[in-house]
Structures are given as C-alpha cells and as structure tokens.
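# Structural description and commentary
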Number of protein chains: 2
Amino acid sequence: MTSPATPAQAATNTRTRLLATARQLFALHSFAGTSLQMIADRLGVTKAAVYHHFKTRDEILGAVIEPAIEDLRAIITGAEAQRGHTARAERMLTGFVDLTVRHRELIALLSNDPGVAQIINTHPDLADLMHRPLTLLSRGDEADPSARITASVVLSGIAMTAASPLQDDLDDETLRRCLLDTGRRALGLRRRPAA
Amino acid sequence: MTSPATPAQAATNTRTRLLATARQLFALHSFAGTSLQMIADRLGVTKAAVYHHFKTRDEILGAVIEPAIEDLRAIITGAEAQRGHTARAERMLTGFVDLTVRHRELIALLSNDPGVAQIINTHPDLADLMHRPLTLLSRGDEADPSARITASVVLSGIAMTAASPLQDDLDDETLRRCLLDTGRRALGLRRRPAA
C-alpha cells in the first residue's frame, strides 16, 4: 500500500514527470520544435501548471541537462584532488567515460539538436567546465600542442562515439570498456593491473 | 594586362564569388540566418542573378561542401586500393587528418551551425561515405566492438578537434602532426620510419 503523497511530494512528482516528458518530446521533435503547450498536452495538465515549475523552455532544458553537469563537476573535482598528473588524468578519463555512457541518450539528444548548441554555449559555467578536463588530460603540459590535441581528440571522440546511434547495439559495459581502452592508448596511460 | 573575360568565364567567376560570399555569411549569421537576398546584396547583384546559379539555399550549401566531399571520396578510394589492412588504415588516417586540417574552417562552420546537421544527414551518399572510413580504420575487425569504437573515437575526435576554435592558434602543419600522432597511437599503428 502506498500512502497518499503530501503536496510537496506531489509537486516533486509533477516536476519529475514534466522533465521526463520534455526529454521525450525534445528527442521526438527537437528542442526548437517542442512548445510548453505540447509538454502540457502530453502530460494532461494546463499550461499554467507547467508555468508553475518552469517559466521558459530554456529553463526546462537547463533542468534536463543539470544532472549531467552535476556529474561532470563532481568528476572534475574528484580528479583535481588526486596527487600527480597521471592519477589525475586516469581519474578524469575513467569518470568521463562513465559519464558519457550513463548519459549517452542525453548527449545524443543534445548533439543532434539544432538550437541546443547555442543555448549550451551561453551556459555560464560550461566553457570553464569543458576546459578543466582538457587541462587534466594534458597532464600539466597544456602549453605543448601535442598533449592538448590528444586530450581534445580523446574527450570529443568519446562523447561523439558514446552518443552515436551506431553504438545502440552495444550494452553499457562493453561500450565503457572499449572507450576506456581507446582513451588509455591514445593518452599513453597504462592499463591498470587487475585488482 | 588582363584580357576581358568571356561570358563563360564571367559566369564561373560569379559562381565562385557567390560561393565565397555565401560561406562568409553562413559563418557570420549561420546557414538558417542567411537568405538568398542577403547573398545578392553582399555581392551587389540582383536576386535573379543568384537564382541563375542556384535555385535554393540548400543548393548553395551543397556546392560549398562539395569540394570537401570530393576530397573525402578520393581519400577513401585511395585507401581502399591499398593492399593489407594496415596499409589501408594508415592511408585512411593520413588522408583524413589532411582533409580535416585543410577544411578546418568549413568543418567548424558546419558543426556549429544549427540547421546544417539536418541537411547533411539527408545528403544521399553521406551516410555511406562516413561509414567507409570506419570500416577502413577497423582493419577488417568491424564486428569487434573494440576496433569499431576506436575507429569512431579517432575519426570524430580528429574532426571535432581540427574544427575547434581552441586550435585557432596552431598552424596547419603542427595541427596535422599532432592529430596524426594521436590517431596512430589510438589505433596502434606504428610511426612510419623517416624516409
């Protein structure tokens, strides 16, 4: 038996359902092709009920991507806390691969959507947030073009590959292992000995 | 002294200037934000003169990307003609790096432009054309997820990195050398001995 939801729980549930619905509609019709009205209709609520949670479509997109941004922030902080360039690069790579596999559908949605790129580009922290993984993977050699280029190929290649529909047939664990192996080889990081 | 242009030469010149102008305007205002009228105005010709060469904006985009597509086609054919998986992968990687560096501005323009992605996705040969380099870099092991993932990370990472504004400070030769080194390392291809 489930106890009846408190008003606060009900609001949280509506917000969660709203975000899940928005995500489905963005994937179907693109971000630009989805209106607040369409989200309300699909949820079976009034547009006013949507407004109660989000004033604009951009705010909904912000809330949809927030969990991935939070994960990225935590991974970067965790990697920066490691001692030594190699341990930091290793932690950043592992965390980034986990993140892209966990959020592969979201990244696919974002990278194929006309209109999303511009909103992402105007996100206040995002430029900084994308720069710190590059620094970590460059292992203190960011002035060296070769270290910087390798870091960039690894990060962008992993994100694009995880999000590609060509990988839809692969389970998360296989995708994770293959991306990690490729990243390690490109960065010249040794494979960790089996525990 | 220059001899006066024949009518055929004049038409070719207008077409060339038209494409160069379109490219500038796409970079400034995005593809979706550029009208045929804006192209005509910038060129100082009538819209009818533009129509004489191209019926739609999509046709102009097609003509802008055609040289890069032709280059890609030639590289793939050249690589497929090599004997042995390693020679084919080596030729494909080298050619792809050359191509992305040579067309880095165009790739930047295409990858940052909302609206372009959809048009590219509907280009008849392009899906096939993007698949063949993956096959070549997988060295006959395309069924093996690990070979396929590595090929995808290398190709998408190289294209994204060459097109990134973070690389604007690098000259073509440095960029080319660094991308090639990264690709070789990721793919496990040996560095070619100095000639």
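Residues numbered from 1 in each chain as written. Chains lettered and ligands numbered in written order. Predicted model: local features only at pLDDT ≥ 70, side-chain atom pairs only at ≥ 80, totals over all residues. Heavy atoms only, no water.

## Thoughts on the packing of helix α8 (residues 126-137) of chain B against helix α9 (residues 145-163) of chain B
Residue and element names in this part refer to chain B. To keep things clear, this is the line we draw: Note on definitions: angles span 0 to 180 degrees between N-to-C directions of axes, and those axes are lines fitted to C-alpha atoms, for helices only across the stretch in contact. Segments assigned H or I by DSSP are reported as helices when at least four residues long, segments assigned E as strands when at least two residues long, and all are numbered from the N terminus. Here the word oblique covers every angle except those under 35 degrees (roughly parallel), over 145 (roughly antiparallel) and from 65 to 115 (roughly perpendicular). By convention the crossing between two helices is left-handed if the near helix lies anticlockwise of the far one by an angle smaller than a right angle, and right-handed if it lies clockwise. Residue contacts are defined here by distance: any two heavy atoms, one from each residue, within 4.5 Å place the two residues in contact. Amino acids outside the nonpolar list (Ala, Val, Leu, Ile, Met, Phe, Trp, Tyr, Cys, Pro) and the charged list (Asp, Glu, Lys, Arg) are all regarded as polar, and Gly is one of them.
With their axes 8 Å apart at the nearest point, α8 and α9 run at an angle of 125° to one another. The angle between α8 and α9 falls in the class oblique. Between α8 and α9 lies a crossing whose hand is right-handed. Residue-level contacts link P133, L134 and L137 of α8 to R148, A151, S152, V154 and L155 of α9. Residues of the contact of α8 with α9, tallied by class, amount to six nonpolar, one polar and one charged.

## Observations concerning the interface of chain A and chain B
Which entries qualify depends on this criterion: Accessible area that two parts lose when put together, with a 1.4 Å probe and added across both, is what the buried area reports. When a carboxyl oxygen of Asp or Glu lies within 4 Å of a side-chain nitrogen of Lys or Arg, that pair is called a salt bridge. Counted as a polar contact is a pair of N or O atoms within 3.5 Å, where, for protein atoms, one must be capable of donating a hydrogen and the other of accepting one, and residues adjacent in sequence contribute only when both atoms are in side chains.
Facing 27 residues of chain A, the contacting portion of chain B comprises 27 residues. Taking both partners together, chain A and chain B bury about 2500 Å²; carbon and sulfur atoms supply 66% of that area. Counting the surface chain A buries against chain B, the share from its top three residues, R148, I149 and V153 of chain A, is 22%. For the interface between chain A and chain B, the tally reads two salt bridges. D169 of chain A is the salt-bridge partner of R148 of chain B, the closest N and O atoms lying 3.0 Å from each other. Summed over the shared surface of chain A and chain B, the number is 16 residue pairs in polar contact (both at pLDDT 80 or more). Counting residues per element, the ones that place at least two in the side of chain A that touches chain B are α9 (145-163) and α10 (172-187) of chain A.

## Topic: the relation of the copies chain A and chain B
Short version of the rule: Least-squares superposition aligns the copies on the C-alpha atoms of those residues with pLDDT at or above 70 in both.
Overlaying chain A with chain B gives an RMSD of 0.1 Å, the required rotation being 180° about an axis along which the chain moves by 0.0 Å. Here the two chains are linked by the operation of a two-fold rotation axis.

## Here's the deal with the packing of aromatic side chains
All names here are of chain A. Quick reminder of the rule: Note on ring pairs: Phe, Tyr and Trp rings are taken, using the six-membered ring of Trp, and paired if centres are within 6.5 Å. Classes follow the plane angle, with under 30 degrees stacked, over 60 edge-to-face and the rest tilted. The buried label applies to any residue whose accessible area, calculated with a 1.4 Å probe on protein chains only, is under 20% of its type's maximum; exposed applies above 50%, and partly exposed to all values in between. By definition, being over a ring means that NZ of Lys or CZ of Arg is both within 6 Å of the ring centre and within 35 degrees of the ring normal.
The tally for this structure, following the rule as stated, stands at two aromatic pairs over all chains. Each ring, one from F26 and one from F31, has its centre 5.1 Å from the other, and the planes form 75°; the classification is edge-to-face. Assessed through its relative accessible area of 2%, F26 is described here as buried. Note on F31: relative accessible area 3%, which makes it buried. When the ring centre of F31 is taken as reference, the NZ or CZ atom of R57 above it lies at 4.7 Å.

## Describing the confidence of the model for chain A
All names here are of chain A. Convention followed: pLDDT measures the predictor's confidence residue by residue and takes values from 0 up to 100.
Mean pLDDT over chain A stands at 88; residues scoring 70 or higher make up 91%. Per-element mean pLDDT across chain A ranges from 69 in helix α7 (residues 116-121) up to 97 in α10. As scored by the predictor, the complex reaches a pTM of 0.87 and an ipTM of 0.87.

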